[in-house]
Amino acid sequence: MNTSGIVSEALAIQRNISEELAKKSQMSEKIRKILQILTDSLKADGALLYATIDENYLELVGANAVSDYKNTIRYDEGIIGSCASAKLTKTTVDEAKNVSVVCVPVMRLHMTVGVFVLVKKGLAGYNEIQTEEAETLSLPLADVLSSRLFEEYKNQIIREKGIVVREILHGVSMNKGYGVGKAVLHYRQRELVNIFADNVELEQSKLAEGRRKMVEYIDRKIAQAGNYIGNTTDIMEAYRMFALDKGWYKKISADIAKGYTAEAAVEHVYDDMWGKLSATNDSYIKEKLYDLRDVSDRLRAFISGDVEREFVSGDEDIVVIAQSMGPADLMDYNYTKIRALVIEECSPTLHVVIVAKALNIPVVAKIYGVQKEVKVGEIVAVDGNEGDLYPNPSEQLIAEYQKKSVGRQKIFEELEKLSSKATKTLDDVKINLALNYGLDFDYDYIKPTHCDGIGLYRTEIMFMSADKMPDVESQRKQYRRLFDALDNKKIIFRSLDVGSDKFLPYWGEIKEDNPAIGWRSIRITLDRRSILRQQIRAMLRAAAGKELNVMFPMISTCEEFLEAKETLLLEYEREKQRGNPTAAKVNVGIMIEVPSVLFQLDEIFQQVDFVSVGTNDLYQFVFACDRGNPRLTARYDVLSASFLKLMKTIVDKANQYKVYCSVCGEMASNPLEAMALIGLGYRNLSVSGASYANVKKMILSMKNEDVSDYVRSLLKSTRTSIRPQLLAYAYDHTIAIG
């Protein structure tokens, strides 16, 4: 059957399905007849239809001329369950039953709502053309499984099986915090109404007009970005480049020529790319698929004219619940009223998550089918620490989470109250409290915090959000902006730290079995020395007349540090010889995050001007524990005696050599953990802007001598964690730990 033949047949099936759904008969009988139509059209011997019940399993809801198949199938179980979870068509031959089988996922809004199974006698299998016919002719089944009548039928099945609505929906935390607000279900696209076109030329013109309007829309968002949520132009420019990709539009136009509507062609091209690329282990490619999902939805909205959407009032606290989301989508809302994001398809490096972290918005991900579990406008509560969503929270829980929820404006109000107070303990021990800086949103915290400087400048953010390698001058401007804002306060620049889970869109693919301990950070920049030298030149020129502090990440040996240090000092001498304005003084340091460094502390402390402990990576390397793996979240703890003894060794050695030593990892941003660090002897902490007020309040309420005595007394413990004891101590001594 040729392409036009498939489309004509599909149109006929779509009409027949509509007629069947309109008849006054039981849903089970409607489904059986629809499957009979598909069986005959595809010249098969039988067919089955499974519907997704929840994230765990599929239920058989209809069959035609087929028996001896399981009624209930779990996701990833066999070929049918694998088809549902992977969202990919699967084929096989069953020698025991002497049949060939093709399983086609039934998709709606990129969610698997069911699986269509086609069976024919014999072991000849299904070839590519037959598989494509099955995929095309089964497309109207999405209308069946998404209809109101079928929802009622499925609910009946749910009741008969005794499935109850979950009181708590468990997901994965992407950003910690608490939030309560009215649920906003974020749909960026309407459901497909027409899959096949009657007028191909009209659909091509719709595509062209939709493309023009979308580019105008993105340009407006770029212009608005600074006014709404800070300077996000780098992220949005990258987003714009993706939207303008000519190859993508060419594929869509080719699908329209085959007989698809413009909207259906956009969706079909996305599904095709998803099918080809989603199985990759390359996280960067997966991130780009999410960007493509966002751009596809936007284009469909402009093609259909479905762009005028009313959202919840700007004065109401909201929790945005989405299947997936892009950075432009966040700008559709009053971000100051977003109390949490719940995004089904999400990863920690997604642009929208990066933005949410900067805005201190809790993010929870990977709650399958979450939009079906929550009603528009109902109050929901989110625990971003545990990754939980409460669709029907009690009044007590609402009050508790509202008290814990801290919006950005509240943070600034808290900082204002603390601004006149020196950051000292009750027994007058000064703690230098600096800011971690990377996103432009962090710039907003500099003045309100009256911080002691920047303890960690994540320079890689600029590289990650650009669509090409930033040149020396563009880097210099960004760095100089920070020098001007901080006057003569200490700024510690971390050299480019990419690799592992941080990717540059303009670099080639890096495939590694263990990327966290692979080719990353200083290992990359020493191998690609020109990148490091250019960045150093930008730093030196930005620091003209001022003190420059540069630290190198992921240092594993003293020799590695000396090689990086030599590169920096050579560039410094070249800049002076060229007569360029450059730094008045240069200090060089390292991040302590690789365990091998712990055995070279004497050699290293004789060579460095300062050190900063990166507890995020140090923790995962010491315990051989992937910090992104939810199965290991509760197994190990930075507040264990073993890890605290290690941290004490570092600060004691720094004090011995009189070397400036700080902590810039997540450990410093948690008040309880920061309390333990101060007790160990740390006097320099660098924290996120959102955590600054809480950490400062903790410092103002603790007595260093007493905390030090207690923390050191716990270092002999053999427990996995001494967190409970530290919590009890903080409560007993009214130390503000949040």
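Residues numbered from 1 in each chain as written. Predicted model: local features only at pLDDT ≥ 70, side-chain atom pairs only at ≥ 80, totals over all residues. Heavy atoms only, no water.

Draft legend 1. Up close: the overall build of the protein. For the protein, the helix and strand inventory stands at 30 helices and 22 strands. A burial count over the protein gives 55% of its 738 residues as buried. For the protein, contacts bridging at least 24 residues in sequence account for 67% of all contacts bridging at least 6. When the accessible area of the protein is evaluated, it comes to approximately 32,100 Å², of which 48% is carbon and sulfur surface. (Helix = DSSP H or I, 4+ residues; strand = E, 2+ residues; numbered from the N terminus. Buried < 20%, exposed > 50% of the residue type's maximum accessible area, 1.4 Å probe, protein only. Contact = heavy atoms within 4.5 Å. Areas by Shrake-Rupley, 256 points an atom, 1.4 Å probe, with all protein chains shown as cover.)

Draft legend 2. Region of the structure containing the confidence of the model for the protein. Mean pLDDT over the protein: 84, with 85% of residues reaching 70 or higher. Within the model, pLDDT remains below 50 along residues 227-231, and this stretch shows twelve contacts once partners closer than five positions in the same chain are excluded. Note on residues 308-313: pLDDT under 50 across the span, and nine contacts to partners over four residues away in sequence or across chains. (pLDDT = per-residue confidence, 0-100.)

Draft legend 3. Main features of unusual backbone geometry. Phi is positive for A65, close to 60°, though the residue is something other than glycine. For A65, the location among the structural elements is in the loop between β2 (57-64) and β3 (72-74). Given a relative accessible area of 65%, A65 falls into the exposed group. The backbone of H450 sits at a positive phi, close to 50°, despite the residue not being glycine. By secondary structure assignment, the location of H450 is in the loop between α17 (446-449) and β16 (453-458). Overall, the relative accessible area of 47% leaves H450 in the partly exposed class.

Draft legend 4. Focus on the environment of E267. Within the fold, E267 resides in helix α10 (residues 262-277). The exposure class assigned to E267 is buried, which follows from its relative accessible area of 7%. Distance in space between the C-alpha atoms of E267 and I252 is 8.8 Å, their sequence separation being 15 residues.

Draft legend 5. Representation of the sheet that holds strand β13 (residues 379-383). Here eight strands make up an open sheet; going across it, the order is β7-β14-β13-β9-β10-β11-β12-β8 and the pairing mixed. The two strands at the open ends of the sheet, each matched to only one other strand, are β7 (169-170) and β8 (172-175). Packed on one face of the sheet, helix α15 (residues 395-404) meets β9 (178-186), β13 and β14 (388-390) and runs near 100° to β9. (Pairing = 2+ DSSP bridges. Axes fitted to C-alpha atoms, helices over the stretch in contact; angles between N-to-C directions.)

Draft legend 6. Quick look at the nonpolar core. Of all hydrophobic cores here, the largest spans 105 residues; its most connected members are L548, F552, M647, Y682, L685 and M698. Ignoring any residue separated from it by four or fewer positions in sequence, one finds Y682 in contact with I431, V613, M647, I650, V651, C661, V663 and L677. In this structure, L38, A47, W248 and V295 belong to the second largest nonpolar core, which totals 58 residues. (Core = buried A, V, L, I, M, F, W, Y, C linked by side-chain atoms within 4.5 Å.)

Draft legend 7. Up close: the pattern of salt bridges. For the coordinates displayed, the defined rule picks out 31 salt bridges. Here R529 makes a salt bridge to E563, at a shortest N to O gap of 2.5 Å. With a gap of 34 residues between them, R529 in helix α21 (residues 529-542) and E563 in helix α22 (residues 558-578) connect regions that are remote in the sequence. The class for R529 is partly exposed, based on a relative accessible area of 26%. Taking relative accessible area as the criterion, E563 reaches 33% and is therefore assigned partly exposed. Across the salt bridge formed by R541 and E575, the nearest N and O atoms sit 2.9 Å from each other. Taken together, the residues R541 in helix α21 and E575 in helix α22 connect sequence positions 34 residues apart. Connected through shared salt-bridge partners, R533, R537, E571 and R574 make up one network. (Salt bridge = Lys/Arg side-chain N within 4 Å of Asp/Glu carboxyl O.)

Draft legend 8. Quick peek at the sheet that holds β3. Across the sheet, which stays open at both edges, the six strands sit in the order β3-β2-β1-β6-β5-β4 with antiparallel pairing between neighbours. Bordering the open sheet on either side are β3 and β4 (90-94), each of which pairs with just one other strand. The sheet shows a mean angle of 25° between the axes of neighbouring strands, taken without regard to direction. Two strands pair when backbone bridges link them, and strand β1 (residues 46-52) and strand β6 (residues 111-121) are joined in this way by six bridges, in the antiparallel orientation. Across the sheet, G46 pairs through a bridge with V119, a residue of β6. Packed on one face of the sheet, helix α3 (residues 78-86) meets β1, β2, β3, β4, β5 (99-108) and β6 and runs near 175° to β4. Against the sheet, helix α4 (residues 128-137) makes contact with β4, β5 and β6, and its axis sits at roughly 40° relative to β5, the strand it touches most.

Draft legend 9. Main features of the pairing of strand β22 (residues 684-687). On β22, burial covers both faces: N684 and S686 on one face and L685 and V687 on the other are all buried. Bridging between strand β15 (residues 432-437) and β22 involves four bridges; their strand directions are parallel. By the bridge assignment, A434 is partnered in β22 with S686.

Draft legend 10. Summary view of helix α30 (residues 723-732). The complete set of buried residues in α30 reads Q725, L726, Y729 and A730. Here the buried residues of α30 occupy an arc of 135° about the axis, which is enough to place them on one side. Facing away from the buried side of α30 by more than 90 degrees, the exposed set consists of P724, Y731 and D732. Those residues of α30 that are buried lie in contact with α27 (671-680) and α29 (704-713). Just past α30, the residue T734 takes up positive phi, approximately 45°. (Arc of directions from axis to C-beta.)

Draft legend 11. Here's a closer look at the packing of aromatic side chains. Scanning all chains against the criterion turns up 18 aromatic pairs. Ring geometry for Y479 versus F493: centroids 5.4 Å apart, planes at 75°, classification edge-to-face. Note that Y479 is positioned in helix α19 (residues 472-486) and F493 in strand β17 (residues 490-494), a separation of 14 residues in sequence. Assessed through its relative accessible area of 0%, Y479 is described here as buried. On the accessibility criterion, F493 (0% relative accessible area) is buried. Judged by centre distance (5.6 Å) and plane angle (65°), the ring pair of Y619 and F623 falls under edge-to-face. (Phe/Tyr/Trp six-rings, centres within 6.5 Å; stacked < 30°, edge-to-face > 60°.)

Draft legend 12. Spatial organisation of the side chain of T567. By the element assignment, T567 lies in helix α22. When residues no more than four places from it in sequence are discounted, the contact partners of T567 are R529, L532, R533 and I536.

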